[in-house]
Amino acid sequence: MTDSADIATGRDRAKSALTLSQEYLQRHSFIELNARERAQSLFDPGTARELAGPFDRIESPWLFVQGVTPQADDGCIVMRGTIDGNETVVIAFSGAFQGGGIGEVSGAKLTAALDLACIDNEKGKPTSAVMLLETGGVRLQEANLGLAAVAEIISSIIALRRDAPVISVIAGPVGCFGGMSLAAGVSSYIVMTPEGRLGLNGPEVIEEESGVDEFDASDRSLIWSIFGGQQRYNQGLADVLVEDDTDQIIKTVRELIAKGVPAVHRSQQVDLYRSRIAALDASSQWAPSVWSAASLARSTGRNQEPVNEEEKH
Amino acid sequence: MSNFTGIRGRIWFKALTGHEAPTPGDPPSVLTADAPIGDDNARFLCVVPDHDSRFPCASHGEVGLEQAYTLAARIREIIGADNAKDGGKKRPIIAIVDVKSQAYGRREEIGGIHLAAAASADAYATARFAGHPVISLIVGQAISGGFLTHGYQANRLIAFADKEVLIHAMHKEPAARITRRTVAQLEALAKTVTPLSYDVEDYAKLGLLYQLLHIKNPEAPSPEEISLVRDTISAAIADARQGPFDLRTRFESEAALTARKASRQIRARLEQQWNQ
Amino acid sequence: MEEFELNYPAKRKAPKRVHIGVVGSGDLEVLLEPIDGTTATVRVRTSVDGFKTTWKAVLDRFFGQYDGAVRIEINDAGATPGAVYLRLQQAVEASQP
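Each value, and the rule that gives it
- Residues numbered from 1 in each chain as written.
- Chains lettered and ligands numbered in written order.
- Predicted model: local features only at pLDDT ≥ 70, side-chain atom pairs only at ≥ 80, totals over all residues.
- Helix = DSSP H or I, 4+ residues; strand = E, 2+ residues; numbered from the N terminus.
- Buried ≥ 20, exposed ≤ 12 C-beta atoms within 10 Å, placed from the backbone.
- Contact = placed C-beta atoms within 7 Å.
- Rg over C-alpha atoms; globule rule 2.2 N^0.38 Å.
- Nonpolar A, V, L, I, M, F, W, Y, C, P; charged D, E, K, R; others polar.
- Pairing = 2+ DSSP bridges.
- Axes fitted to C-alpha atoms, helices over the stretch in contact; angles between N-to-C directions.
- Expected span 1.5 Å × (residues − 1).
- Arc of directions from axis to C-beta.
- Parallel < 35°, antiparallel > 145°, perpendicular 65-115°, else oblique.
- Left-handed = near helix turned anticlockwise from the far one by under 90°.

S.K.: Explanation requested: the overall build of chain A in the structure shown.
M.R.: Check the secondary structure of chain A and you find eleven helices and seven strands. Every one of the 313 residues in chain A was classed for burial, and the buried ones make up 54%. For chain A, long-range pairs separated by at least 24 residues make up 74% of all intrachain contacts whose partners lie at least 6 apart in sequence.

Spelled out as structure tokens, the structure:
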């Protein structure tokens, strides 16, 4: 038996189903964009300008001689422009080139961009930085210069973040590993998608160094349960969990720029994290849930904001 | 191939400070001591193996969760103390480096070792920016995440020049495996591609070191050698005090003019185009 | 690792410079820049040795259809001839006003 209420409910349900599928169709995947497109998408239309791009042809001096084809921008894209009217520099690593590994030139591009933003801030021209981190860490073909570059990047982030927010966006599919996970760690805010991953050592490396019992690198659900955006957000090690949607990511970046420099950075909260580790029993292997929401409720690392698992964009 | 023994750190910590114990409450893998050097009273820090470590993946000299956070805490202690003093020289912080790597483990990743490492690097860099001369003395190995965590944020880097000293992004065997070469091929390549070299004399050509010291017997140093190291550290402290407190000397050094030509070129290009 | 240059006769001036692609495994990037004169130049750098004849065949075919006065730089990491041709066409299309 139907009555007008049922018809209305049915209509609403059909309408909301239509809206959901429209939303799905309208969702624009950020992950499917290449690094240049990702960087470009964040800016107010018409304001983005690439610096030291492919036509400047400053590429790696080390790859050709090793039988590796260099890329004209060395896999790092630097763009300046405004985001919601705020002067911003975006530095994007191309995960498709050498796994986003940091080489002499690509590392120096990030460091220089941060340093130039720092100088502008000192001159009274507020400039924020957004790093799109698709990187496995140091590019092994450049070993010591890649590692040195990462140390310099970490230093320059720490200098800039005093004056302006330095925002890390880890969208995937490569994620942020190796030395660059420290760069994310010292940044002002970390934005992740569920597909993104953040950790110091990748699954393969752990399996290689410590054995398959320590980490089975073929176990995908294990990998995401430890490194994935949802887990890192639940732990308070990422500030925002956002779905793979360009509009949502733009909105998130704008909000974080507007928020400005946090009162305390996560990597400054030594006592909090040190005591958290000290309180954990390490005598047997851990499950990801060892950092439960309950233990987080007592103290938080997400830049002094309350933990709320529903709080995502 | 260098075999990591992890004993050089402890030997030089003792030689330079007279101490060899951790601060009560700290894990045995992190040694901290305040000791005189020249006219200064410096804080010395070292990571050493602890075979009874709570964390099995951080028991052979790797830099793990506890090590990184302990370093960060001991550094921030000095930053805070000198900050409160209001005037006077900032105390030097001396990192004695002999670390084979970061810790590779499931507990470590779940525990957020990337953040622990970041916290230590942060503390070192913050100390440096606050005016503390941060000096690293690389007496053995300084590899990858271990070095990023403990030592690479220093104002000045000093290294010993012998076969056991290894500064690199990855040990030879795994690096060869991952880049699909034999170790012999990697070694051959390293002869012409300087950043790949496992020889610290080649590392020195990159322009990142303040000084390379030739110590005849690094595991049983003579009083003269200890004196030489102390003097070098003091000179590095004085040099660091002159500023700037960022890391620009690493690409402005004489050797860097050649070795880091591309870094310098890209920096100049970005600066040129920044305001166009 | 191979590097070689090829030249082709050119008639028109190309409207603007273009960059497409990425040097990923099995892929290539193309930089296309307008130049003066009546010769188009292509520089190929590839990590896959021994296919110069194939490269020439693809480029001959491409320049059989295209007469822009350009300098093209290709950085290749093992793309198939078809993929190369596609990227070149993409580049030309992107260079149109």
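S.K.: Explanation requested: the overall build of chain B in the structure shown.
M.R.: Within chain B, the regular secondary structure consists of twelve helices and seven strands. By the compact-globule yardstick of 19 Å for 276 residues, chain B fits well, its C-alpha radius of gyration being 19 Å. Dimensions of chain B, computed from C-alpha atoms along their principal axes, come out at roughly 50 × 45 × 45 Å. Relative to its full complement of 276 residues, chain B shows a buried share of 54%.

S.K.: Would you explain the interface of chain A and chain B in this entry?
M.R.: Accessible area lost upon the coming together of the parts serves often as the stated size of an interface. Contact residues are listed per partner, giving 65 residues for chain A and 66 residues for chain B. Counting only elements with at least two residues in the side of chain A that touches chain B, the list comes to helix 3 (104-122), helix 4 (143-160), helix 5 (180-186), helix 6 (203-210), helix 7 (220-227) and helix 10 (270-278) of chain A. Of the residues forming the side of chain A that touches chain B, the biggest block, 13 residues, is contributed by helix 4 of chain A. Class assignment for the residues of the side of chain A that touches chain B results in 40 nonpolar, 15 polar and ten charged.

S.K.: How should I be thinking about the sheet that holds strand 1 (residues 49-51) of chain A in this particular structure?
M.R.: Remark on secondary structure: sheet strands pair via backbone hydrogen bonds, oriented parallel or antiparallel. Residue and element names in this part refer to chain A. Taken together, the seven strands give an open sheet; going across it, the order is 1-2-3-4-5-6-7, and neighbouring strands pair in mixed fashion. One side of each edge strand has no neighbouring strand; the edge strands of this open sheet are strand 1 and strand 7 (240-241). On top of the sheet, helix 9 (residues 246-259) reaches strand 2 (76-83), strand 3 (86-93), strand 4 (128-132), strand 5 (166-170), strand 6 (189-192) and strand 7; it is set at about 160° to strand 5, its chief contact.

S.K.: Would you explain helix 12 (residues 261-274) of chain B in this entry?
M.R.: Quick reminder: α-helices carry 3.6 residues per turn. Residues three or four places apart thus point the same way. Over its 14 residues, helix 12 of chain B extends 20 Å from the first C-alpha to the last, a length consistent with the 20 Å expected when each residue adds 1.5 Å. Those residues of helix 12 of chain B that fall on the buried side of the exposure criterion are B:Ser263, B:Ile266, B:Arg267, B:Leu270 and B:Trp274. Relative to the axis of helix 12 of chain B, the buried residues are bounded by an arc of 100° and lie together on one face. Summarising the contacts, the buried residues of helix 12 of chain B are in contact with strand 1, strand 2 and helix 3 of chain A together with helix 10 (249-252) of chain B.

S.K.: I tried to follow helix 7 of chain A on my own but got confused; where do I start?
M.R.: For helix 7 of chain A, the complete set of buried residues consists of A:Ile223, A:Ile226 and A:Phe227. Here the buried residues of helix 7 of chain A occupy an arc of 80° about the axis, which is enough to place them on one side. Where helix 7 of chain A is buried, its residues contact helix 6 and helix 8 (229-235) of chain A together with helix 3 (106-110) of chain B.

S.K.: Please explain the packing of helix 3 of chain A against helix 12 of chain B as it appears in this structure.
M.R.: To describe two helices that pack against each other, one gives the angle between their axes and the distance between the axes. Packing of helix 3 of chain A against helix 12 of chain B brings their axes to within 9 Å, and their N-to-C directions diverge by 40°. Between helix 3 of chain A and helix 12 of chain B, the interaxial angle falls into the category oblique. Taken as a pair, helix 3 of chain A and helix 12 of chain B cross one another with a handedness that is right-handed. Contacts from A:Glu104, A:Val105, A:Ala108, A:Lys109, A:Ala112, A:Ala113 and A:Leu116 in helix 3 of chain A reach B:Ala262, B:Ser263, B:Ile266, B:Arg267, B:Leu270, B:Glu271 and B:Trp274 in helix 12 of chain B. Taken together, the residues of the contact of helix 3 of chain A with helix 12 of chain B break down into nine nonpolar, one polar and four charged.

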